[in-house]
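The residues making up each chain are set out below.
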Amino acid sequence: MTFSLAIVGRPNVGKSTLFNRLVGKRLALVSDEPGVTRDFREGEGKIGDIRFAVIDTAGIGASMETSFGARMQAMTERALEISDACLFLVDARAGILAADRTIADLVRKKAKRVVLAANKSEGRAGDEGFAEAFELGLGEPIGISAEHGEGMGELYASLLPFSRQFESEFGQTETDVQIESGTKFADSASESGQPVKIALIGRPNAGKSTLINRILGEERLLTGSEAGLTRDSISVLIEWNGSPIRIFDTAGMRKRSKVQGKLERLSVADGLRSVRFAEVAVILLDSGEPFLLQDLRLADLAEREGRAVVVAVNKWDLVRDRKKILESLRTEFEQSLPQLRGAPLVPVSAKTGFGLNELHGAIREAWRIWNFRLSTGPLNRWLAAMIDAHPPPAPGGKRIRLRYISQVNARPPGFVIMCSRPRNLPKSYLRYLANGLREEFGLRGTPLRFFLRSQEEQNPYAKSR
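Attention in this report is confined to the structure presented alongside it. What you are looking at is a predicted structure, and each value in this text was computed from that prediction instead of being measured.

### Some remarks on the pairing of strand β5 (residues 114–119)
Here's step 1: Among the 6 residues that make up β5, 5 are buried, leaving the element largely enclosed by the rest of the structure.
Here's step 2: In this structure, strand β4 (residues 85–91) lies alongside β5, joined through 6 bridges in parallel fashion. Its bridge partner being in β5, Phe88 is matched across the sheet by Leu116.
Here's step 3: Here 2 bridges tie β5 to strand β6 (residues 142–143), and the two strands are oriented parallel to one another. Opposite Ala117, over in β6, you have Ile142 as the bridge partner.
Here's step 4: Chirality of the crossover, the property in question, places the unit of β5, helix α4 (residues 127–132) and β6 among those that are right-handed.

Below, the structure written as structure tokens:
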């Protein structure tokens with residue numbers, strides 16, 4: 001068990017830059033614009049031989065007087081409460097401002113242990129601000145540069161007592177997994193021994209963060225009526241109905257022509273990266289405006305990336321003629337994206353919690369199908385029946401012979417078909433085979449990949465005979 005460290009401070013003092021340096025990856029979005037970070041994000045930090053959970057938090061400033069700012073401060077206070085230590089970051093070049101003194105009062109009340117660090121201390125420009133940091137009454141500050149990596153040795157020396165104390169009090173275990181809501185569980189509930197990775201994607205204001213908060217049972221992510229609150233792709237590790245699941249909350253994705261500014265482009269790119277790392281993509285729709293073109297594009301993106309797809313229709317508590325609308329949505333989805341025919345479509349309400357058990361079951365089933373493997377014997381008997389029912393076309397009067405099929409990988413399922421003249425086999429016939437596979441073996445809703453090979457490709461000496 002390792003200790004947890006929350007990084008707090010004013011906006012734009014370099015908290016996310018330091019977070020990225022401690023975790024060794026560019027996980028948090030970094031920009032010159034203040035207030036980029038809104039939710040708190042956790043990662044596995046490391047300095048030398050010290051390992052710890054590090055938390056990046058939203059900046060606390062003058063905007064905290066607004067409703068939106070107050071919600072951000074509440075998230076930061078929550079991070080202080082669940083962390084074992086606090087790294088209070090100030091800007092050595094700007095000096096100590098009134099907001100720094102306010103935060104100092106907050107960490108005295110909320111934090112269990114405090115380390116004071118003056119960032120941007122490289123060169124002489126930060127000497128005056130570094131000296132002013134003594135006025136906060138939080139002990140001797142550490143001069144660091146998160147961008148250039150200076151002062152990491154001093155930070156190591158300050159964190160070393162925390163690490164030794166936790167090792168002596170709790171011991172060191174490797175089986176516990178830190179849940180980002182502040183509790184722990186043993187990661188052994190999924191069949192693979194690893195948590196199922198889920199990316200929750202959709203248009204802005206579809207209710208993604210609210211849905212995750214409902215699953216968690218606490219206000220872990222920042223929510224509100226304002227569109228575009230989420231910027232970073234925040235991952236949360238939870239135990240949902242006995243299953244370990246890592247769920248990624250992503251920024252709302254508008255169509256490309258409406259994306260404006262560097263920050264929104266970074267947020268969308270971060271969300272797309274989450275889809276590539278996920279195993280199951282949950283497309284969250286707004287029941288008031290279901291299946292707009294952007295929703296279909298997101299579902300198509302998930303299919304092209306080879307992710308299992310589950311469609312969730314949010315705000316179902318506002319729908320009246322539910323049965324009729326649900327059937328209409330299923331028909332529209334299968335007509336618009338036939339390559340995902342049979343993907344589960346689950347009505348939910350993030351506000352009331354309606355449909356969450358069904359959503360969990362659909363995700364687990366989609367993940368199971370995505371990992372499914374078929375033996376060669378049943379596959380070839382199925383292929384023979386499909387050919388008898390509908391033989392391949394004969395372009396130019398020359399028949400295309402399908403000799404045999406074999407599954408070569410899963411996640412998603414991929415099949416090699418040995419045939420003559422593979423380049424001449426129409427895509428329509430591959431769709432016929434894909435639909436047959438889904439129906440015969442229950443592979444509904446998961447992407448399928450076909451790789452056509454000829455005997456000549458397998459035998460490099462065939463043409464020389």
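Continuing now.
### Some points on the sheet that holds β4
Here's step 1: What the 6 strands build is an open sheet, ordered β2-β3-β1-β4-β5-β6; its pairing is mixed. Two strands in the sheet have a free side with no partner beyond their single neighbour: β2 (41–47) and β6.
Here's step 2: Relative to strand β3 (residues 50–56), β2 runs antiparallel, the two sharing 7 bridges. From the neighbouring strand, Gly43 faces β3, where its bridge partner is Val54.
Here's step 3: Taken strand by strand, helix α1 (residues 15–23) contacts β1 (4–9), β2, β3 and β4, and its axis lies near 55° from that of β2.
Here's step 4: Relative to β4, helix α3 (residues 98–110) is tilted by about 175°, and along the sheet it contacts β1, β4 and β5.

### Examining the packing of aromatic side chains
Here's step 1: Enumeration over the complete set of coordinates arrives at 7 aromatic pairs.
Here's step 2: Relative to Phe134, the ring of Phe130 lies with its centre 6.0 Å away and its plane at 90°, an arrangement referred to as edge-to-face.
Here's step 3: On the basis of relative accessibility, which here comes to 25%, the residue Phe130 falls in the partly exposed class.
Here's step 4: The class for Phe134 is partly exposed, based on a relative accessible area of 45%.
Here's step 5: Ring geometry for Tyr429 against Tyr432: centres 5.2 Å apart, planes inclined by 50°, an arrangement best described as tilted. With Tyr429 and Tyr432 both in helix α12 (residues 427–441), this residue pair falls 3 residues apart, about one helical turn.
Here's step 6: By way of ring pairs, the aromatic residues Phe3, Phe52 and Phe162 are connected into one cluster.

### Focus on unusual backbone geometry
Here's step 1: Of the consecutive residues Arg411 and Pro412, the connecting peptide bond is found in the cis state with omega at 0°.
Here's step 2: Examined against the element boundaries, Pro412 turns out to sit in the loop between β15 (402–409) and β16 (414–419).
Here's step 3: Positive phi values are uncommon outside glycine, yet Asn205 reaches one of about 70°.
Here's step 4: Considering the arrangement of structural elements, one finds Asn205 in the loop between β9 (196–202) and α6 (208–216).
Here's step 5: Residue Asn205 is classed as partly exposed on the basis of its relative accessible area of 36%.
Here's step 6: Within the chain, Arg411 stands out as a residue other than glycine whose phi angle is a positive 60°.
Here's step 7: One can find Arg411 in the loop between β15 and β16.

### Describing the nonpolar core
Here's step 1: Counting residues in hydrophobic clusters, the biggest one holds 31 residues, and the most contacted among them are Val280, Val282 and Leu359.
Here's step 2: Take this core: its biggest share by element is 7 residues, from helix α10 (residues 356–370).
Here's step 3: Residue contacts for Leu359: discarding those within four places in its chain leaves Leu211, Trp240, Val282, Val310, Ala312, Val346 and Val348.

### Concerning helix α8 (residues 293–304)
Here's step 1: For α8, built from 12 residues, the straight-helix expectation of 16 Å at 1.5 Å per residue is met to within 8% by its first-to-last C-alpha distance of 16 Å.
Here's step 2: What α8 keeps buried is the set Gln294, Asp295, Leu296, Leu298, Ala299, Leu301, Ala302 and Glu303.

### Topic: the pattern of salt bridges
Here's step 1: In the structure shown here, the tally under the stated rule is 17 salt bridges.
Here's step 2: Close ionic contact of Glu289 with Arg203 constitutes a salt bridge, the shortest N to O distance being 3.8 Å. Highlighted residues: Glu289 in the loop between β12 (280–286) and α8 and Arg203 in the loop between β9 and α6, separated in sequence by 86 residues.
Here's step 3: Residue Glu289 is classed as partly exposed on the basis of its relative accessible area of 44%.

### Some remarks on the packing of helix α11 (residues 376–389) against α12
Here's step 1: Taken N-terminus to C-terminus, the directions of α11 and α12 make an angle of 125°; their axes are 11 Å apart at the nearest point. Put simply, α11 runs oblique to α12. Crossing hand, α11 versus α12: right-handed. Contacts from Pro378, Leu379, Trp382, Leu383, Met386, Ile387 and Ala389 in α11 reach Tyr429, Tyr432, Leu433, Gly436, Leu437, Glu440 and Phe441 in α12.
Here's step 2: Across the contact of α11 with α12, the residue classes break down as 12 nonpolar, 1 polar and 1 charged.

### Quick look at the pairing of β16
Here's step 1: The element β16 is largely enclosed, with a buried count of 6 among its 6 residues.
Here's step 2: Where β15 meets β16, 6 bridges bridge the pair, whose relative direction is antiparallel. Bridging across to β16, Tyr404 finds its partner in Met418.
Here's step 3: The loop that links β15 with its antiparallel partner β16 comprises 4 residues; one of these, Arg411, has a positive phi angle of about 60°.
Here's step 4: Direction of pairing for β16 relative to strand β17 (residues 449–453): parallel, over a ladder of 5 bridges. Along β17, the bridge assignment pairs Gly414 with Arg449.
Here's step 5: Regarding the hand of the β-α-β motif, the stretch spanning β16, α12 and β17 is right-handed.

Cut-offs used in this document
- Residues numbered from 1 in each chain as written.
- Predicted model: local features only at pLDDT ≥ 70, side-chain atom pairs only at ≥ 80, totals over all residues.
- Heavy atoms only, no water.
- Buried < 20%, exposed > 50% of the residue type's maximum accessible area, 1.4 Å probe, protein only.
- Helix = DSSP H or I, 4+ residues; strand = E, 2+ residues; numbered from the N terminus.
- Pairing = 2+ DSSP bridges.
- Right-handed = clockwise from strand over helix to strand, strands pointing away.
- Contact = heavy atoms within 4.5 Å.
- Axes fitted to C-alpha atoms, helices over the stretch in contact; angles between N-to-C directions.
- Phe/Tyr/Trp six-rings, centres within 6.5 Å; stacked < 30°, edge-to-face > 60°.
- Core = buried A, V, L, I, M, F, W, Y, C linked by side-chain atoms within 4.5 Å.
- Expected span 1.5 Å × (residues − 1).
- Salt bridge = Lys/Arg side-chain N within 4 Å of Asp/Glu carboxyl O.
- Parallel < 35°, antiparallel > 145°, perpendicular 65-115°, else oblique.
- Left-handed = near helix turned anticlockwise from the far one by under 90°.
- Nonpolar A, V, L, I, M, F, W, Y, C, P; charged D, E, K, R; others polar.

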